[in-house]
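# Structural overview
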Amino acid sequence: TCQQRLLRRLEAMLAKGPLDAAAIVLDYRDVDATYDRLKARGLNREPRSNTVYILLGGAHGFDGHDDRDNTFFEAVVQRFANRLGRNKVARVNLCEEPEDVAKFTA
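Figured I'd write up the structure that's included with this text. (Residues numbered from 1 in each chain as written. Predicted model: local features only at pLDDT ≥ 70, side-chain atom pairs only at ≥ 80, totals over all residues. Heavy atoms only, no water.)

## What about the sheet that holds strand E4 (residues 89–93)?
Read from one edge to the other, the open sheet built from 4 strands follows the order E2-E4-E1-E3, with strand pairing classed as parallel. Either end of the sheet is taken by a strand with one partner, and the two such strands are strand E2 (33–34) and strand E3 (52–55). One ladder, built from 4 bridges, connects strand E1 (residues 22–26) with E3; its direction is parallel. The residue of E3 that forms the bridge with Ile24 is Ile54. (Pairing = 2+ DSSP bridges. Helix = DSSP H or I, 4+ residues; strand = E, 2+ residues; numbered from the N terminus.)

Structure (structure tokens):
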């Protein structure tokens, strides 16, 4: 399928990238922290990664259908976790409070 082809290309891209990279997944559902909290935790600390991947779905999610079943989105995130390690992949919400959820659509 097209999604499987995209996942293989993602794996190939990650295989060529640095192992000390990190990834920030911009999500609005299952998050580790808000962006502001992530910034605060990193205040006055030296960066540990020179490369940071930012994962942001399009107007209709990663799968083009608002990620209704989340399967493809989770497969993309899992590729980053497999390559970089779970501790190098942070799920971040751009909003401070859960009730301020932002979803960008066309």
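## Some words on the packing of aromatic side chains
According to the stated counting rule, one finds 2 aromatic pairs in the structure shown. When the centroid spacing of 5.1 Å and the interplanar angle of 55° are considered together, the rings of Phe62 and Phe73 count as tilted. Residue Phe62 is found in the loop between E3 and helix H3 (71–84), and its partner Phe73 is found in helix H3; the two are separated by 11 residues along the sequence. (Phe/Tyr/Trp six-rings, centres within 6.5 Å; stacked < 30°, edge-to-face > 60°.)

## Digging into the layout of surface pockets
Considered as a void within the structure, the largest pocket measures approximately 830 Å³ in volume. Ala22, Leu38, Arg41, Gly42 and Arg45 are, among the 23 residues lining the largest pocket, the residues nearest its centre. Listed by contribution, the elements that provide at least two residues to the lining of the largest pocket are E1, helix H2 (35–42) and E4. With 5 residues, H2 is the single largest residue contributor to the lining of the largest pocket. Taken together, the residues of the lining of the largest pocket sort by class into 11 nonpolar, 3 polar and 9 charged. (1 Å grid on protein atoms, 1.4 Å probe; cavity = no way out; pocket = protein on both sides within 12 Å on 5 of 7 lines; lining within 4 Å. Points joined across faces, edges and corners; volume = space filled by probe spheres on them. Nonpolar A, V, L, I, M, F, W, Y, C, P; charged D, E, K, R; others polar.)

## Description of the pairing of E4
Counted residue by residue, E4 has 5 buried out of 5 residues, so it is predominantly covered. Here E4 shows no split at all, with Val89, Arg91 and Asn93 on one side and Ala90 and Val92 on the other all buried. Direction of pairing for E2 relative to E4: parallel, over a ladder of 2 bridges. Its bridge partner being in E4, Thr34 is matched across the sheet by Asn93. (Buried < 20%, exposed > 50% of the residue type's maximum accessible area, 1.4 Å probe, protein only.)

## Here we look at the nonpolar core
Counting 17 residues, the largest nonpolar core has Ala23, Tyr53, Leu55, Val76, Phe80 and Val89 as its most contacted members. Contributing elements (two or more residues each) for this core: helix H1 (2–16), E1, E3 and H3. Ranked by residues supplied to this core, first place goes to H3 with 8 residues. (Core = buried A, V, L, I, M, F, W, Y, C linked by side-chain atoms within 4.5 Å.)

## Remarks on the pattern of salt bridges
On inspection of all chains with the given rule, the structure shows 4 salt bridges. Here Glu11 and Arg79 are joined by a salt bridge, their closest N and O atoms 2.6 Å apart. Here Glu11 is found in helix H1, whereas its partner Arg79 is found in helix H3, with 68 residues between them in sequence. Since its relative accessible area comes to 37%, Glu11 is described here as partly exposed. Beyond isolated ion pairs, a larger network of salt bridges with shared partners links Asp27, Glu74 and Arg91. (Salt bridge = Lys/Arg side-chain N within 4 Å of Asp/Glu carboxyl O.)

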